[in-house]
Amino acid sequence: MKEGYIGILTSGGDASGMNATIRAITRSAICNGYKVKGIYRGYEGLINDEIRELTTEDVSNIIQRGGTILKTARSKDFETAEGREKAYEVMQKEKIHTLFIIGGDGSLTGARIFAQEYDVPCIGLPGTIDNDLWGTDLTIGYDTALNTIVECVDKIRDTATSHERIFFVEVMGRDAGFLAQNSAIASGAEAAIIPEDQTDTDQLEEFIKRGFRKTKNSSIVIVTESPTGKGANYYAERVKKEYPQYDVRVTILGHLQRGGSPSAGDRILASRLGCAAIQAMMEGQRNVMIGIRNDKVVYVPFAEAIKKNKPIDKSLITVLNELSI
Ligand SMILES: Nc1ncnc2c1ncn2[C@@H]1O[C@H](COP(=O)(O)OP(=O)(O)OP(=O)(O)O)[C@@H](O)[C@H]1O
Ligand SMILES: O=P(O)(O)OC[C@H]1O[C@](O)(CO)[C@@H](O)[C@@H]1O
Ligand SMILES: [Mg+2]
């Protein structure tokens, strides 16, 4: 066995497949002669020394479970220099030589800053339902969340059709429209309102102008949640006011999108990226996110991974528009 430990933490919103990732990193590390410590409650647990060794048995029977056995947190303290200093001291005390961070853009931003301040090798794994990390085609948890949304929209469709209503369904994504756009395509929705498609023309007007009720008496519009208040309720209120003839309802899917057993796709992705993360460490890589591009594992420097505005393929907008006539 090699000296010291690798440390694993999950941070930010939980995502289905985080457990499969913890399992893969732990088992691959042990296979290659490393000892492993699990850090509880993300960066918060690193600061507060909530850490214990993980064995291969500790990660048995978790590949199929949603959430994260290590718990997660959004740590305000880690955003301060004092908090990160404490985290570094705890890492020294616990003899953790390499930190594996499973989380989203915020978590990897934190890792980047930490690695710049202290000489600590950090390796990131994209764990977020939002799919908003640059340099990877997919993030762990995205596929499961997408499938959950589609299952819900299929059910909403039954009542929308029966009552001849317009439903505005709000999905997560923070400031990224991947979940909205692709769930709209997969569920046969009539439109998606996403942040990446902001043009001079209002997306609601576009939808109305396209004549959404020419051939159908009910509609489903998927809307990305909005930090500026332009979520599903905003559009529903406008339709109620501007088009009182329509019967409008809103469903906010909320946190149910984050739960549940991971899809096969997420389990495989988590397993591949977990093993690749240990491989990367053995090759001397540091401060990179392990991603997947064109079905090949890639190493993406943190600075690139956290670039804002990962672009959405604009052809997806055309696909939805053409298929929703
Ligand atoms: N600028 C920063 N400096 C230090 N730490 C940060 C910074 N930004 C984020 N973090 C750390 O990462 C944690 C998680 O970030 P955030 O809440 O943005 O979630 P995320 O990782 O993007 O996941 P998701 O979007 O899927 O919920 C923060 O609570 C904080 O501890
Ligand atoms: O659990 P919380 O803190 O309400 O976070 C919600 C946010 O987390 C995310 O689900 C990502 O995990 C975003 O899409 C959403 O805005
Ligand atoms: Mg995020």
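Residue numbers run consecutively from 1 along every chain, following the written order of its sequence. Chain labels run from A onward and ligand labels from 1 onward, assigned in the order the entries are written. Since the coordinates come from a predicted model, pLDDT governs what is reported: local features require at least 70, and pairs of side-chain atoms require 80 or more to be given and counted, while whole-chain, interface and lining totals use all residues. Computation of side-chain values: all heavy atoms of the structure, hydrogens and water removed.

Draft legend 1. Here's a closer look at the sheet that holds strand β7 (residues 191-193). By the convention used here, strands pair only if DSSP detects at least 2 bridges between them. Strands here are runs of E lasting at least two residues and helices are runs of H or I lasting at least four, both read from the DSSP assignment and numbered beginning at the N terminus. Reading across from one edge, β7-β8-β6-β9 is the order of the four strands in this open sheet, with parallel pairing throughout. Of all the strands in the sheet, the pair left with one neighbour each is β7 and β9 (248-252). Each strand axis lies, on average, 20° off the axis of its neighbour in the sheet, ignoring direction. In terms of strand pairing, β7 meets strand β8 (residues 219-224) through three bridges, oriented parallel. Note that in β8 the partner of I193 across the bridge is V223. Axis definition: a line fitted to C-alpha atoms, limited for helices to the stretch in contact. Angles are taken between N-to-C directions and run from 0 to 180 degrees.

Draft legend 2. Layout of helix α8 (residues 232-242). Relative accessibility decides the category of a residue: with a 1.4 Å probe and only protein chains considered, values under 20% of the type maximum give buried, values over 50% give exposed, and everything between is partly exposed. All of the buried residues in α8 are A232, Y235, A236, R238 and V239. Take α8 and look down its axis: the buried residues cluster within an arc of 160°, on one side only. Next to the buried residues of α8 lie β6 (166-171), β7, α7 (203-209), β8 and β9. As used here, the arc belongs to the directions running from the helix axis to the C-beta atoms. Every residue pair with non-hydrogen atoms within 4.5 Å of one another is taken to be in contact.

Draft legend 3. Expanded view of the site of ligand 1. Only heavy atoms are used to decide nearness, and a residue is near a molecule or strand if one of them lies within 4 Å of it. Residues in contact with ligand 1 amount to 19 residues; listed here are only the nearest, R74, S75, D105, S107 and T128. Between T128 and ligand 1, the recorded distance is 2.6 Å, taken from a side-chain N or O atom to an oxygen atom. Bound to the protein, ligand 1 loses 85% of the 630 Å² it would expose on its own. Here the shell around ligand 1 gets six residues from one element, more than from any other, and that element is helix α4 (residues 105-117). Put simply, Ala, Val, Leu, Ile, Met, Phe, Trp, Tyr, Cys and Pro go in the nonpolar bin, Asp, Glu, Lys and Arg in the charged bin, and everything else, Gly too, in the polar bin. For the shell around ligand 1, a count of residues per class yields three nonpolar, 10 polar and six charged. Any pair of nitrogen or oxygen atoms within 3.5 Å is treated as a polar contact; in protein, a donor-acceptor pairing is required on top of that, and neighbouring residues in sequence qualify only through side-chain atoms on both sides. Accessible surface is estimated by sampling points in the Shrake-Rupley manner with a 1.4 Å probe; for residues, cover comes only from the protein chains shown.

Draft legend 4. Inspection of the site of ligand 2 at higher detail. Close contacts around ligand 2 come from G13, R74, I129, D130, M172, G173, R174, E225, H255 and R258, and that covers them all. Taking R74, its side chain carries an N or O atom lying 2.8 Å from an oxygen atom of ligand 2. The contact in question runs from an oxygen atom of ligand 2 to an N or O atom on the side chain of E225, over 2.7 Å. Bound to the protein, ligand 2 loses 76% of the 400 Å² it would expose on its own. There are two domains that each give the shell around ligand 2 at least three residues, and those are domain 1 (5-141 + 262-305) and domain 2 (144-258). Here the bounds of each domain stem from an automatic or database domain assignment.

Draft legend 5. Main features of helix α1 (residues 18-31). An expected span of 1.5 Å times one less than the residue number is assigned to each helix. Here α1 spans 20 Å end to end across 14 residues, near enough to the 20 Å set by a 1.5 Å rise per residue. Counting buried residues in α1 gives 10 out of 14 residues, a clear majority hidden from the surface. Buried residues of α1: M18, N19, A20, T21, I22, A24, I25, T26, S28 and A29, and no others. Considering only its buried residues, α1 is in contact with β1 (5-10), β2 (35-39), β3 (51-54), β4 (96-103), β5 (122-126) and α9 (264-282).

Draft legend 6. Up close: the sheet that holds β4. As summarised here, the arrangement of the seven strands in space is β3-β2-β1-β4-β5-β10-β11, forming an open sheet in which the pairing is mixed. With partners counted over all chains shown, the strands left at the sheet margins are β3 and β11 (296-301), one partner each. In this sheet, neighbouring strand axes are inclined to one another by 30° on average, regardless of whether the strands run parallel or antiparallel. With five bridges connecting them, β4 and β5 associate as parallel partners. Note that in β5 the partner of I101 across the bridge is G124. Sheet strands touched by α1: β1, β2, β3, β4 and β5. Its angle to β1, the strand with the most contacts, is close to 175°. Each of β4, β5 and β10 (288-293) is contacted by α4, which is oriented at about 155° to β4, the strand it contacts most.

Draft legend 7. Summary view of the domain arrangement of the protein. We note that the domain assignment places domain 1 (5-141 + 262-305) and domain 2 (144-258) within the protein. Here the C-alpha centre of domain 2 lies 34 Å away from the C-alpha centre of domain 1. Taken together, the 12 residues of domain 1 in the interface contact 12 residues of domain 2. Together, D14, I129 and D130 form the three largest contributors to the area buried by domain 1 at its contact with domain 2, with a combined 48%. A side-chain nitrogen of Lys or Arg and a carboxyl oxygen of Asp or Glu constitute a salt bridge if their distance falls within 4 Å. The interface formed by domain 1 and domain 2 contains one salt bridge. One salt bridge in this structure joins D14 and R258, with 2.9 Å as the shortest N-O distance. Counting every contact that joins domain 1 to domain 2 gives four residue pairs in polar contact (both at pLDDT 80 or more). When its residues are assigned to classes, the side of domain 1 that touches domain 2 shows two nonpolar, five polar and five charged. Using a 1.4 Å probe, buried area is obtained as the accessible area two parts lose upon being combined, added over both of them.

Draft legend 8. Structural view of the packing of aromatic side chains. Here the aromatic set is Phe, Tyr and Trp, taking the six-membered ring for Trp, and pairing holds for ring centres within 6.5 Å; pairs whose planes are under 30 degrees apart are stacked, those over 60 apart are edge-to-face, and all others are tilted. Overall, the coordinates contain six aromatic pairs when judged by the stated rule. Taken together, the ring pairs in this structure connect Y43, F78, Y88, F114 and Y118 into an aromatic cluster. Placement of a positive charge over a ring is assigned whenever Lys NZ or Arg CZ falls within 6 Å of the ring centre and within 35 degrees of the normal to the ring plane. We note K307 situated over the ring of W134; from NZ or CZ to the ring centre the distance is 4.2 Å. When the ring centre of F178 is taken as origin, the NZ or CZ atom of K310, which lies over that ring, is 5.1 Å away.

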